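Here are the chains, one letter per residue:
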Amino acid sequence: QVQVVESGGGLARPGGSLRLSCAASGSSHSIYSMGWYRQAPGKERELVARIISGNRADYADSVVGRFTLSTDNAKNTVYLQMNRLEPKDTAVYYCKTIYNVGSIRLVYWGQGTQVTVSS
């Protein structure tokens, strides 16, 4: 049973920082990508940042220079360091993991972790 488990959400002040963690487990297959998406109330889910094949990172324009992805490949874990947080960063953050399974890719989502930025 594949599990994608997020942690690290919580409350931060504007200008503050949080670090999110996502650990994927339960599969022997290689990972194509891991990344973070977020969804604020009334808005579409959007890409925050992702890493593909362990070497290419994509960031949303709104977080470039503030958020940084890092990985621990041995643990199938990805981290999102979020700095200079703004109220508009408030959302539920979801981890998305895509596995290579033979000739296809399978997508798994975590349960989400709440990030609230407020004074």
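Use the structure listed above.
This one's a predicted model, so the numbers in the text were calculated from it and none came from an experiment.

Caption draft 1: How the structure looks around the state of the cysteines. Tallying each qualifying case throughout the model produces one disulfide. Each disulfide pairs two cysteine sulfurs, and for Cys 22 the partner residue is Cys 95, the sulfurs being separated by 1.9 Å. Residues Cys 22 and Cys 95 are joined by a disulfide whose S-S torsion is about -85°; by sign, that bridge is left-handed. Remark: Cys 95 occurs in strand β9 (residues 91–101) and Cys 22 occurs in strand β3 (residues 18–25); sequence separation between them is 73 residues. Take Cys 22 and Cys 95: they sit in the same class, and that class is buried.

Caption draft 2: Fine view of the pattern of salt bridges. Under the counting rule described, the total for this entry stands at six salt bridges. A salt bridge links Arg 50 to Asp 58; the shortest N-O distance between them is 3.2 Å. Between Arg 56 and Asp 58 there is a salt bridge, with its nearest N and O atoms 3.2 Å apart. Using a relative accessible area of 15% as the deciding quantity, one classes Asp 58 as buried. Shared partners join several salt bridges into a network, and the residues in it are Arg 38, Glu 46, Arg 66, Glu 86 and Asp 89.

Caption draft 3: Fine view of the packing of aromatic side chains. Summed over all chains, the structure comprises three aromatic pairs. Each ring, one from Tyr 37 and one from Trp 109, has its centre 5.2 Å from the other, and the planes form 65°; the classification is edge-to-face. Taken together, the residues span a long stretch of sequence, with Tyr 37 in strand β4 (residues 31–39) and Trp 109 in strand β10 (residues 104–109) at a distance of 72 residues. We classify Tyr 37 as buried; its relative accessible area is 12%. Each ring, one from Tyr 99 and one from Tyr 108, has its centre 5.8 Å from the other, and the planes form 80°; the classification is edge-to-face. Accessibility expressed as a relative area gives 1% for Tyr 99, which makes it buried. Three or more aromatic residues joined by ring pairs form one cluster here, namely Tyr 37, Tyr 94 and Trp 109. The ring of Tyr 94 has Arg 45 sitting right over it, with the charged end atom 3.8 Å from the ring centre. Across from the ring centre of Trp 109, 4.7 Å away, lies the NZ or CZ of Arg 45, which sits over that ring.

Caption draft 4: Representation of the sheet that holds β3. In spatial order, the strands read β1-β3-β8-β7; together these four strands make up an open sheet with antiparallel pairing. Whereas interior strands pair on both sides, the edge strands pair on one side only; in this sheet they are β1 (3–7) and β7 (67–72). Adjacent strand axes in the sheet meet at a mean angle of 15°, parallel and antiparallel pairs treated alike. As paired strands, β7 and strand β8 (residues 77–82) are joined by six bridges and run antiparallel to one another. Following the sheet pairing, Thr 71 is matched in β8 by Val 78.

About the criteria used
Residues numbered from 1 in each chain as written. Predicted model: local features only at pLDDT ≥ 70, side-chain atom pairs only at ≥ 80, totals over all residues. Heavy atoms only, no water. Disulfide = S-S within 2.5 Å. Helix = DSSP H or I, 4+ residues; strand = E, 2+ residues; numbered from the N terminus. Buried < 20%, exposed > 50% of the residue type's maximum accessible area, 1.4 Å probe, protein only. Salt bridge = Lys/Arg side-chain N within 4 Å of Asp/Glu carboxyl O. Phe/Tyr/Trp six-rings, centres within 6.5 Å; stacked < 30°, edge-to-face > 60°. Lys NZ or Arg CZ within 6 Å of the ring centre and 35° of its normal. Pairing = 2+ DSSP bridges. Axes fitted to C-alpha atoms, helices over the stretch in contact; angles between N-to-C directions.

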